[in-house]
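# Per-entry structural report
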Number of protein chains: 4
Amino acid sequence: MNTRLNKLKCKIYVIIFKSNTPAGKAFDVTLLAVILINMLLVMLDSFEDIHNKYGLQLYVAEWVITSLFLIEYILRIWSVNSKLKYILSFYGIIDVLAILPPFISLFIPGTQILIAIRTLRLLRIFSIFQMSDYTKQSRLLLQSIGRSWSKIAVFMLAVFTAIVVIGTLMFLIEGPEHGYSNIPVSIYWTIVTITTVGYGDIAPVTMIGKFIASITMLIGYSIIAVPTGLITAEAIRQKKEENIKCPRCFTENGKDFNYCKYCGEKLKTFD
Amino acid sequence: MNTRLNKLKCKIYVIIFKSNTPAGKAFDVTLLAVILINMLLVMLDSFEDIHNKYGLQLYVAEWVITSLFLIEYILRIWSVNSKLKYILSFYGIIDVLAILPPFISLFIPGTQILIAIRTLRLLRIFSIFQMSDYTKQSRLLLQSIGRSWSKIAVFMLAVFTAIVVIGTLMFLIEGPEHGYSNIPVSIYWTIVTITTVGYGDIAPVTMIGKFIASITMLIGYSIIAVPTGLITAEAIRQKKEENIKCPRCFTENGKDFNYCKYCGEKLKTFD
Amino acid sequence: MNTRLNKLKCKIYVIIFKSNTPAGKAFDVTLLAVILINMLLVMLDSFEDIHNKYGLQLYVAEWVITSLFLIEYILRIWSVNSKLKYILSFYGIIDVLAILPPFISLFIPGTQILIAIRTLRLLRIFSIFQMSDYTKQSRLLLQSIGRSWSKIAVFMLAVFTAIVVIGTLMFLIEGPEHGYSNIPVSIYWTIVTITTVGYGDIAPVTMIGKFIASITMLIGYSIIAVPTGLITAEAIRQKKEENIKCPRCFTENGKDFNYCKYCGEKLKTFD
Amino acid sequence: MNTRLNKLKCKIYVIIFKSNTPAGKAFDVTLLAVILINMLLVMLDSFEDIHNKYGLQLYVAEWVITSLFLIEYILRIWSVNSKLKYILSFYGIIDVLAILPPFISLFIPGTQILIAIRTLRLLRIFSIFQMSDYTKQSRLLLQSIGRSWSKIAVFMLAVFTAIVVIGTLMFLIEGPEHGYSNIPVSIYWTIVTITTVGYGDIAPVTMIGKFIASITMLIGYSIIAVPTGLITAEAIRQKKEENIKCPRCFTENGKDFNYCKYCGEKLKTFD
């Protein structure tokens, strides 16, 4: 009987964790659908009038989905071999966080809204859709940012200092009577301005304040060119690295070429 | 007589669908003028006082243009050989949509405003001005985006998840009393913030809300560099591909060069 | 005496139009200073309380500067050989436009504010500071935009159509009661949104309006990557073109190199 | 005894100015911590209710930190050899500015808020964290901007002129009754618009004003591509310059390669 259980365990593991079988694919699609439905219900529940009218139904639906997630979580732990590794993994933690809220709200009233944390399960999308290719792409993307890291760090440190200095300056110039209630709020305004968001909930009133604001905007508008330039330069370098150089004429060929596009030389060895 | 009709049909086809004859060009210019005039009239009609004063005249003008569009549509169907293909084509559907509104408003009152759909006929501009060259350019543009597609998809998925998570978080933190009435509105605010639009119709009030808003802005401001970098790298690769490499000295020459700019070698064969 | 007059004419021509003599340079600096002072006075006059207090003094100062500009204009016409060419040139027209306003305001009261047109004389800065080098740079810049023109045109046509269609759509959805008074105003809102400016003077109120606004923002945020990519690719190509290729080892050297940085080969011939 | 004093002086110099000893590192970390704590206290003090409640305690803390900074400054001057050079250096001036405010506020009441200037000491971070590498990176960054300087200057001059002209125009069109109180305010609005910040504290009301505002936005949205393109082109050129070219096959290798990645040729000489 142990063998039959083991076989079942193995089967369930393949269904839940892998997506190269029809059953596995079906499971992934269902899981994604449940996550999206759950998200939709949470969104609907956030409307006051829907909450008042259909609060009970949504509450029941919430518990149904919670049960499904709980069963899924138990099956995951049971079927996986390295249990602790899964529990402490990124997705393992999110899976628990998605189950807990309704139980917490049973004991501490008013915390039911924590259900919104469940949105984080959306991140499962990454592990469902063609994991290998996309993950590789995002690794390349992060690498490209990483290689320019020391330059970007200097840049960000300078921007951070500028934000704090300008924020403090504006607090001194405009002061609480014009909405710059304290330095953190003033720094918030500086970020709103330097990123060119510009809500307008706080805006300079005095002439000198408007002048410094103008300088801040122009700085914010200009410096966007710097990280863009650095990342672009890195992306181009990476693209070139992927090319295969022809051993006869030194022409750079795309990574999927078998023969040199220029002189016809064989680029790869076929076994 | 059949032959004469056939000749006429062929003539009309050339005038309406082609633009390499004087008559064809005149037709295209007239069509564009009528579309622009129609657009202008729709715009004028959207002013309340003009609508009250000249409503009748504009109504008549609308029917005149509708008739012209109807006649054009009938002629198009009659003169073209593969009728169904035209009817179901992109422009075929827009052409019908541009005619229908006034007729619908005859039966269902209050729908007259649907005439605004007619603005879509503006897209005809693409088929009128040097179709071949511009279409080629836009195909290259789309190709350039397409090649970076898998990278852009990962990026967009991550941004989408971030928007939903931040939106939900802000709904929990700020709540309906500060304008974040429900999660969809909160997500709308997140998009307004992350794209650095920043209307200010909704803005964070609490300290922690302002802090998360600041993070969101900085994210939005930084990530613009990523798609820009990817598309630029692709555009550069494409530009290089167009070059012609000299067979003698390996210098890259522009696509319109006949002789190598460096060593004078002949690059193209003239027949 | 004619010869003496001719000599004087020639001298004045060199002083006014050229800047390679000490007198010419002094004239240029003085002219720039007068333009800047005039700008400052116009700005001061735009403050209501300053206008009320020092209106008379500013009025006199205005006439003094107008006289100076008039004298300069007369001298320019008198000293230049191809008078008509100067009068109809870009700077010639701006020079006249800078003189006219005070005279017009003598006859038509209330037009005195036209003096602000004089700000256009600021453009003289371009002709004063190292004209040759800067003009060359700006020509290269415009060329770089020009080469990508057909691609940029397609892009702009698509954006323009999108703006009109979205503007009309939002007018239908939100309507005059939410501030979208008519289609032109609605198109203005679309431009405010798609360029990520986001004043917030008009903002969507309905749910469907907010949804379309979100799409518009995301479009606006994404498409900035396209012209940036195109212009960058062109700027890089241009930079490469300036390089000098070594005839021995094909290394690309900077435009100001005399010997190949790689193999020491002479790149330029010295006479 | 002079020798012992000299030894101490040397020791203190190494601790304060260098960071290659454990004591030096500990000093740097402590200094940074004190600067950050001080920043935090200044921020807290800017909250009105905290200031009212804990004003005295914060005042004492301020004087304690001032004393520490004063002692540090005295030790710096005493231990350094070229005293005047330090006093007049960038960090020397900031160090004095960070000490002065509390003393000034003793004599001139109401200036205590000048303490905020102390935020500038944050810039010390640059001299603490891996000075050499980061400073080199930022020098490269500035160089990259510097090389495109003449092009960027033309661009900025054109933008500046456009801002002044549009600002004046909008003052004429909208006028003080719509918030464009005077030309400087109008120029402030133009900068808010052209940098796509868009507070909305001032927004065009008239139709023609909205039209010019739309043009301004589109200009602002488009021209961001120009500096980005220039800086990117320069960053790419710089990246290439760092490469080492193989003397046998002309392949470009990364700056940290010892052998050609393509043909294995030795790139560097090892001693």
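What you are looking at is a predicted structure, and each value in this text was computed from that prediction instead of being measured.

## Focus: the overall build of chain A
Broken down by element type, chain A carries 11 helices and 2 strands. For chain A, the α and β elements follow one another from N to C terminus as α-α-α-α-α-α-α-α-α-α-α-β-β. Across the 271 residues of chain A, 44% fall into the buried class. In chain A, the share of contacts with a sequence separation of at least 24, taken over all contacts with a separation of at least 6, comes to 50%.

## Points about the interface of chain A and chain D
With 53 residues of chain A in contact, the opposing surface of chain D contributes 50 residues. In total, about 4200 Å² of surface goes out of reach between chain A and chain D, with carbon and sulfur atoms giving 75% of it. Inspection of the chain A/chain D interface yields 0 salt bridges. One can count 5 residue pairs in polar contact (both at pLDDT 80 or more) joining chain A with chain D. For the side of chain A that touches chain D, the secondary structure elements donating two or more residues are α8 (149-174), α9 (183-194), α10 (207-223) and α11 (225-242) of chain A. A per-element tally of the side of chain A that touches chain D places α8(A) first, with 13 residues.

## Structural notes on the confidence of the model for chain A
Residue and element names in this part refer to chain A. Across chain A, the average pLDDT comes to 82, with 84% of residues at or above 70. Of all the helices and strands in chain A, helix α7 (residues 131-147) carries the lowest mean pLDDT, 66, while α9 carries the highest, 94. Across the whole predicted complex the pTM is 0.85, and at the interface the ipTM reaches 0.81.

## Quick notes on the interface of chain A and chain C
Taken together, the 6 residues of chain A in the interface contact 6 residues of chain C. Approximately 320 Å² of surface area, both sides summed, lies buried where chain A meets chain C, with 62% of it carried by carbon and sulfur atoms. Put simply, chain A and chain C have 0 salt bridges between them. At the junction of chain A with chain C, the criterion picks out 0 residue pairs in polar contact (both at pLDDT 80 or more). Its residues assigned to classes, the side of chain A that touches chain C shows 4 nonpolar, 2 polar and no charged.

## Examining the packing of aromatic side chains
Enumeration over the complete set of coordinates arrives at 28 aromatic pairs over all chains. With centroids separated by 6.5 Å and ring planes inclined at 20 degrees, the aromatic side chains of Trp189(A) and Tyr199(D) adopt a geometry described as stacked. Taken together, the residues Trp189(A) in helix α9 and Tyr199(D) in the loop between α9 (183-194) and α10 (207-223) connect one chain to another. In this structure Tyr199(D) comes out as buried when scored by relative accessible area, which is 2%. A ring pair is formed by Tyr73(B) and Tyr86(B), whose centres lie 6.0 Å apart and whose planes are at 45 degrees; its orientation type is tilted. One end of the pair, Tyr73(B), is in helix α3 (residues 48-79); the other, Tyr86(B), is in helix α4 (residues 83-87), with 13 residues separating them in the sequence. Pair check on accessibility: Tyr73(B) and Tyr86(B) agree, each one buried.

## Some points on the pattern of salt bridges
All names here are of chain A. According to the stated counting rule, one finds 16 salt bridges over all chains in the structure shown. With its nearest N and O atoms 2.7 Å apart, the salt bridge here joins arginine 76 to glutamate 72. Taken as a pair, arginine 76 and glutamate 72 lie in helix α3 (residues 48-79) at a separation of 4 residues, close to a single helical turn. For the pair arginine 76 and glutamate 72, one class covers both residues: buried. One salt bridge connects aspartate 95 with arginine 121, and the closest N-O pair in it is separated by 2.9 Å. With aspartate 95 in helix α5 (residues 90-107) and arginine 121 in the loop between α5 and α6 (124-128), the pair connects residues that are 26 residues apart, well separated along the chain. We classify aspartate 95 as buried; its relative accessible area is 2%. In the salt-bridge network here, residues are joined through shared partners; they are Glu72, Arg76, Asp95 and Arg121.

## Focus on the side chain of Asn38(B)
You can see Asn38(B) is positioned in helix α2 (residues 22-45). In this structure Asn38(B) comes out as buried when scored by relative accessible area, which is 4%.

## Describing the packing of helix α9 (residues 183-194) of chain B against helix α10 (residues 207-223) of chain B
Residues and elements named next belong to chain B. At a minimum axis separation of 8 Å, α9 and α10 run at an interaxial angle of 50 degrees. Taken together, the axes of α9 and α10 lie oblique to each other. Mapping the contact onto sequence places Trp189, Thr190, Thr193 and Ile194 in α9 and Ala213, Thr216, Met217, Ile219 and Gly220 in α10. Per-class residue counts for the contact of α9 with α10 are 5 nonpolar, 4 polar and no charged.

Criteria and thresholds
Residues numbered from 1 in each chain as written. Chains lettered and ligands numbered in written order. Predicted model: local features only at pLDDT ≥ 70, side-chain atom pairs only at ≥ 80, totals over all residues. Heavy atoms only, no water. Helix = DSSP H or I, 4+ residues; strand = E, 2+ residues; numbered from the N terminus. Buried < 20%, exposed > 50% of the residue type's maximum accessible area, 1.4 Å probe, protein only. Contact = heavy atoms within 4.5 Å. Buried area = accessible area lost by both parts, 1.4 Å probe. Salt bridge = Lys/Arg side-chain N within 4 Å of Asp/Glu carboxyl O. Polar contact = N/O pair within 3.5 Å; in protein donor to acceptor, adjacent residues only side chain to side chain. pLDDT = per-residue confidence, 0-100. Nonpolar A, V, L, I, M, F, W, Y, C, P; charged D, E, K, R; others polar. Phe/Tyr/Trp six-rings, centres within 6.5 Å; stacked < 30°, edge-to-face > 60°. Axes fitted to C-alpha atoms, helices over the stretch in contact; angles between N-to-C directions. Parallel < 35°, antiparallel > 145°, perpendicular 65-115°, else oblique.

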